[in-house]
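Chain and residue survey
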Amino acid sequence: MTRAFVGIDIPEHIITVLQPVQDRLPMGRIVPPENLHLTLCFLGDVSDPALEAVHERLSALHQPGVDITLSGLDWIGGAHPRAIVAGVVPHDGLTALHRAVLGACHGAGVVVERRRFVPHVTLARLGKARASAALNDVVLSHRLTPFGAFRAHGFTLYQSDLRPEGAVYTPLASYPLRSEAR
Ligand code: 3AM
């Protein structure tokens, strides 16, 4: 079985903006730069044949490239926040890509947990710790900070290995997005 997810890489020029913000967070496990991504779909543990079927379906998608704008710090996890994230400005193109990837996974027979799609880039994980007042202050002070924009020209199928020292994400395959809308 392979723990897998589909996501969009974050380009270097955005990582350069996000890192000083991560450095200001007074608590939480900081996501290392190579792990920063925007999750499109979490697959969970999938068998090799199912992973191959997902790969085939993702390869057959012909979605257009998506403009992604990152803005503002936020918490995710409801009443007990589990992560501090950079928000992603909602955008029809991104929603359409999310739906297409979800459809590909379903078509491949992978049961994907149904959660409302709230695009984000996780910057730090809190685990079971409660957010401190100092952390709340930093998040509030960056509520509306723009973190930049980029065009996603593709997306990636990742293997995720959970290790005591943190997750290791290994790209298994990348899929191009169309350079121009049809
Ligand atoms: O870093 P983000 O939030 O984009 O939170 C996990 C991470 O997303 C999410 O999948 C991405 C790669 O690990 N994830 C982990 N377990 C999950 C689950 N059971 C999950 N998403 C939905 N359901």
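Refer to the structure presented above.
Described below are features of the structure shown in this document. The numbering scheme is per chain: residues are counted from 1 as the chain's sequence reads. Since the coordinates come from a predicted model, pLDDT governs what is reported: local features require at least 70, and pairs of side-chain atoms require 80 or more to be given and counted, while whole-chain, interface and lining totals use all residues. Note that the side-chain values use all heavy atoms of the structure and ignore hydrogens as well as water.

A run of H or I in DSSP becomes a helix once it reaches four residues, and a run of E becomes a strand once it reaches two; helices and strands are each numbered from the N terminus. From N to C terminus, the protein includes four helices and nine strands. The helix and strand sequence of the protein, counted from the amino end, reads β-α-β-β-α-β-β-α-β-α-β-β-β. Over its C-alpha trace the protein gives a radius of gyration of 16 Å, about what one expects of a compact globule, namely 16 Å for 182 residues. Counting only C-alpha atoms and orienting by the principal axes, one finds that the protein spans roughly 45 × 40 × 25 Å. Note on classification: 1.4 Å probe, protein chains only; a residue is buried when its accessible area is under 20% of the maximum for its type, exposed when over 50%, partly exposed between these limits. Within the protein, the fraction of its 182 residues that count as buried is 43%. Contact criterion: two residues are considered in contact whenever any of their non-hydrogen atoms come within 4.5 Å of each other. Taking the intrachain contacts of the protein between residues at least 6 apart in sequence as the baseline, contacts between residues at least 24 apart amount to 79%. As displayed, the protein has an accessible area near 9700 Å², and 53% of this comes from carbon and sulfur atoms. Under the counting rule used here, the positive set is Lys and Arg, the negative set is Asp and Glu, and His together with the chain ends is not counted. Where a charge sits is defined by one atom per residue type, namely NZ (Lys), CZ (Arg), CG (Asp) or CD (Glu). Distance between charge centroids for the protein: 8 Å, based on 17 positive and 16 negative side chains. The atom set for the radius of gyration is the C-alpha atoms, and the globule formula is 2.2 Å times the number of residues raised to the power 0.38. Accessible areas in this description were obtained via Shrake-Rupley with a 1.4 Å probe; residue shielding takes into account the shown protein chains only.

Each salt bridge in this description consists of a side-chain nitrogen of Lys or Arg and a carboxyl oxygen of Asp or Glu lying within 4 Å of one another. A complete count under the given rule lists three salt bridges for this structure. The residue R143 makes a salt bridge to D74 at a minimum N-O spacing of 2.8 Å. On the criterion of sequence distance, the pair formed by R143 in the loop between α4 (133-141) and β7 (146-152) and D74 in strand β4 (residues 66-76) is long-range, its members being 69 residues apart. Its relative accessible area of 31% is what places D74 among the partly exposed residues. Between R115 and E113 there is a salt bridge whose closest N-O contact spans 3.0 Å.

Within the structure, the ligand sits among R3, F5, H37, T39, F42, E113, R115, H120, T122, R125 and Y169. Between the ligand and the protein, one listed contact pairs an oxygen atom with a side-chain N or O atom of T122 at 3.0 Å. For this analysis, a polar contact is any N or O atom pair within 3.5 Å, provided that within protein one partner can donate a hydrogen and the other can accept it, and provided that sequence-adjacent residues contribute only side-chain to side-chain pairs. In this structure, an oxygen atom belonging to the ligand sits 2.8 Å away from a side-chain N or O atom of R125. In isolation the ligand exposes 480 Å². Once the protein is present, 81% of that is buried. Among the elements of the structure, β1 (2-9), β3 (37-46) and β6 (120-125) are those that each provide at least two residues to the shell around the ligand. Residues are labelled near a given molecule or strand when at least one of their non-hydrogen atoms is within 4 Å of it.

Our focus in this paragraph is the packing of aromatic side chains. Side-chain rings of Phe, Tyr and Trp (the six-membered ring for Trp) are treated as a pair once their centres are within 6.5 Å; stacked means planes under 30 degrees apart, edge-to-face means over 60, and tilted covers the remaining angles. Summed over the entire model, instances satisfying the criterion amount to four aromatic pairs. Ring centres of F5 and Y158 lie 4.9 Å apart, and the angle between their planes is 15 degrees; this geometry places the pair in the stacked category. Of the two residues, F5 is situated in strand β1 and Y158 in strand β8 (residues 154-163); the sequence distance between them amounts to 153 residues. Its relative accessible area of 4% is what places F5 among the buried residues.

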